[in-house]
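# Architecture at a glance
Residue strings, one per chain:
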Amino acid sequence: MPFSSTSATIQLLGKRSNMPEQFETINPATGEVLAKLPDMDRADVRKAVDQARGAFNHWGSLKISQRCDYLREVRQNIVRSTDEIMDLICSETGKPPTEALLNEILVASELIEFYLKEAPRALSPTRTSPGMLMNKKAYKLYKPLGVVGVISPWNYPFTLTMTPVVTALFAGNTVVLKPSEITPLVGLKVGELVTSCGFPDIVKVVTGKGPTGAALIEEGVDMVAFTGSVATGKKVAVGCAERLIPCLLELGGKDPMIVCEDADLDRAANACVWGAFTNAGQTCISVERVYVSEKVYDKFVDKVVGRTGKLKLGTDVGSMTFPPQIEKVEAHVADAVNKGAKILTGGTRSHYGDGLTNNMYYEPTVLVDVDNSMEIMTEETFGPVLPIVKFSTDDEAIRLANDSKYGLSSSVFSKSPARRRRIAEELDAGSVSVNDCLMSYAISSLPFGGVKESGLGRAHGVEGLYQFSKVKGVAEDRVGLKNDPQWFPKRSTIESLVKRFMSLRYSKGIARVSGAFLGNSGKASSKETSKV
Ligand code: NAD
């Protein structure tokens, strides 16, 4: 697969007198070695953090409008480089070009578009109600944290790297990025796209494996934004706890889909096949379990199996990316079959490409007769496998869907607004797509993240910007008395006045009495405005 940026990106690493250990990045679809890159050590990481710290002094002091101007140019840089980015993503992941374009480059560009519109308002000082203290002005200020360490995974190496990087930058931080060792060239490209518009040190990229990521947490960053597995996420959380720095953890999932008997079955079946098999199932919010009403179960399963059988490897479903991942898929399917599950289609590696490939393609697979004694129903599979289960009542469907240690995303299909709304509210997950799947991620204004073991914190939306900010509360006196009533010396009347104030303010039937004590109107508003 051609890609022209390798030499340029490798130069980004800089020259070293003592060459470090190297690791290879490989095209999983062909087995071709794409590049050898330095496995950076603690000293390299420290240097990158120092450089990003230096850049923060300037970047962090810019006005939000100036940061937006720069990031608009970065977005144009992405648009100009689309073909090159697509080639690079496909080379390192094995995914089809359309998926690289739609699910990675477009989604990341849209997030920048959203923040270009929303960040100036969201990050401006925001006035809020002072409550009973109407003699004060209250407002919130949003300040950058400093240098953010971004540690990213291989499954969507562009969008899941660009997202935390640009969000951190909009909020005024600079970044040290440790991309996955499986897809480092895409990570280097992200760094190049962002820095080549004129701020060379606002994103420093360190290449390497797990220990390089662990060093990044220890070497002075002010926050870590981690996307990856639950097991690594727990280690990252411990590392951040040791330094008492905040972390955003975007972790794994086992996302359920519920299909009620009144659903549009064609739409639900098409969504389910796409949601389970796009990116060869290596999506954190893949449809990994489907619960279908027993009244339409047979019809739905037929539709899903029919559509799955028509998928073309290489065009619709790419190769898997990471060799241990395909072995995990095989182990989950074998465990399910040993415990009584039935394979309706797929179930094996494919020899797509006349044996010229790296044998990393796995046939899209549909399983039935599954239950929670099987890993395929309880552990994240992260591959093109779709187990289907029947339910009899909505309560049972909700109980089964919530019976998981994960809670990333979820979906529900029903034609009844009340029914689908109720199920959406009851699903214990960070997001829900209704009569749809995976789309909660593509809507940049919606916060994204998990509950339970699927993570901590939120990316996307204005919540994402606040995740990367220090929020400062400011109380400002606006009356200018020489001495406020609660200050020294203690007044003998204060206790009786406060008691009278409380009984009036919190009495049933008296809506807003806040002025008895402080002599104000009591019309405190809960609305916030961005003018201070
Ligand atoms: P991973 O946890 O193996 O690795 C993620 C990153 O962490 C890599 O860059 C890796 O080098 C680094 N790392 C490894 N050990 C480390 C350590 N001790 N300290 C610091 N960093 C370390 O995950 P992966 O295999 O790259 O990605 C797949 C997983 O990511 C799946 O579980 C998937 O569900 C999850 N994921 C979650 C989201 C989300 O938004 N919630 C998105 C995509 C992927």
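Residues numbered from 1 in each chain as written. Predicted model: local features only at pLDDT ≥ 70, side-chain atom pairs only at ≥ 80, totals over all residues. Heavy atoms only, no water.

## Observations regarding the overall build of the protein chain
Counting secondary structure elements, the protein chain contains 19 helices and 18 strands. The C-alpha extent of the protein chain, read off along each of the three principal axes, is 90 × 70 × 40 Å. The buried share of the protein chain, reckoned over its 532 residues, is 53%. Residue pairs in contact within the protein chain that sit at least 24 positions apart in sequence constitute 74% of those at least 6 positions apart. A total of about 23000 Å² of accessible surface is found on the protein chain, and carbon and sulfur atoms cover 53% of it. Measuring between centres, the 64 positive side-chain charges of the protein chain sit 11 Å from its 61 negative side-chain charges. (Helix = DSSP H or I, 4+ residues; strand = E, 2+ residues; numbered from the N terminus. Buried < 20%, exposed > 50% of the residue type's maximum accessible area, 1.4 Å probe, protein only. Contact = heavy atoms within 4.5 Å. Areas by Shrake-Rupley, 256 points an atom, 1.4 Å probe, with all protein chains shown as cover. Lys, Arg positive; Asp, Glu negative; His and termini not counted. Charge placed at Lys NZ, Arg CZ, Asp CG, Glu CD.)

## Quick notes on helix H8 (residues 210-218)
Residue pairs spaced three or four apart in an α-helix point in one direction, given the helix's 3.6 residues per turn. Here H8 has its buried residues at Thr212, Gly213, Ala215, Leu216 and Ile217. On its buried face, H8 is in contact with helix H2 (42-59), strand S5 (147-151), strand S6 (174-178), strand S8 (223-227) and helix H9 (230-243). Looking one or two residues beyond H8, the residue adopting positive phi is Gly220, at roughly 100°.

## Considering the site of the ligand
Around the ligand there are 29 residues in total, and Lys178, Glu181, Ser229, Leu251 and Glu380 lie nearest to it. In the model, a nitrogen atom of the ligand is placed 3.5 Å from a nitrogen or oxygen of the Ala214 main chain. For the ligand, the accessible surface in isolation is 860 Å², of which the surrounding protein chains cover 89%. Counting residues domain by domain, the shell around the ligand receives three or more from each of domain 1 (6-251 + 462-470) and domain 2 (255-444). (Near = heavy atom within 4 Å. Polar contact = N/O pair within 3.5 Å; in protein donor to acceptor, adjacent residues only side chain to side chain. Domains from an automatic or database assignment.)

## Side note on the sheet that holds strand S18 (residues 469-477)
Taken in spatial order, the three strands make up an open sheet running S3-S4-S18, and their pairing is antiparallel. Among the strands making up the open sheet, the edge pair consists of strand S3 (126-128) and S18. Averaged over all adjacent pairs, the angle separating strand axes in this sheet is 30°, with direction ignored. Alignment of S3 against strand S4 (residues 136-144), held across three bridges, turns out to be antiparallel. Counted as the bridge partner of Arg127 is Tyr139 from S4. (Pairing = 2+ DSSP bridges. Axes fitted to C-alpha atoms, helices over the stretch in contact; angles between N-to-C directions.)

## A short note on the nonpolar core
Core analysis: the biggest nonpolar cluster contains 66 residues, and Ile258, Val290, Phe300 and Ile388 have the highest contact counts within it. A total of eight residues in this core trace back to one element, the largest contributor, which is helix H10 (residues 265-277). Each of domain 1 (6-251 + 462-470) and domain 2 (255-444) accounts for three or more of the residues forming this core. The residues touching Ile258, leaving out its near neighbours within four places in the chain, are Tyr291, Phe391, Ala397, Ile398, Ala401, Ser411, Val412, Phe413, Ile423 and Leu427. The next biggest cluster of nonpolar side chains, apart from the first, holds 60 residues, and it includes Val165, Phe170, Val175 and Leu465. (Core = buried A, V, L, I, M, F, W, Y, C linked by side-chain atoms within 4.5 Å.)

## A few points about helix H4 (residues 82-93)
Given a rise of 1.5 Å per residue, twelve residues ought to cover 16 Å, and the 16 Å separating the end C-alpha atoms of H4 matches this to within 8%. Along H4, nine of the twelve residues are buried, which leaves the element largely enclosed by surrounding structure. Among the residues of H4, Thr82, Ile85, Met86, Leu88, Ile89, Cys90, Ser91, Glu92 and Thr93 are the ones counted as buried. Residues of H4 that are buried make contact with strand S1 (22-26), strand S2 (33-38), helix H3 (64-80), helix H5 (97-122) and helix H7 (184-195). In the segment just after H4, Gly94 is the residue with positive phi, at about 85°. (Expected span 1.5 Å × (residues − 1).)

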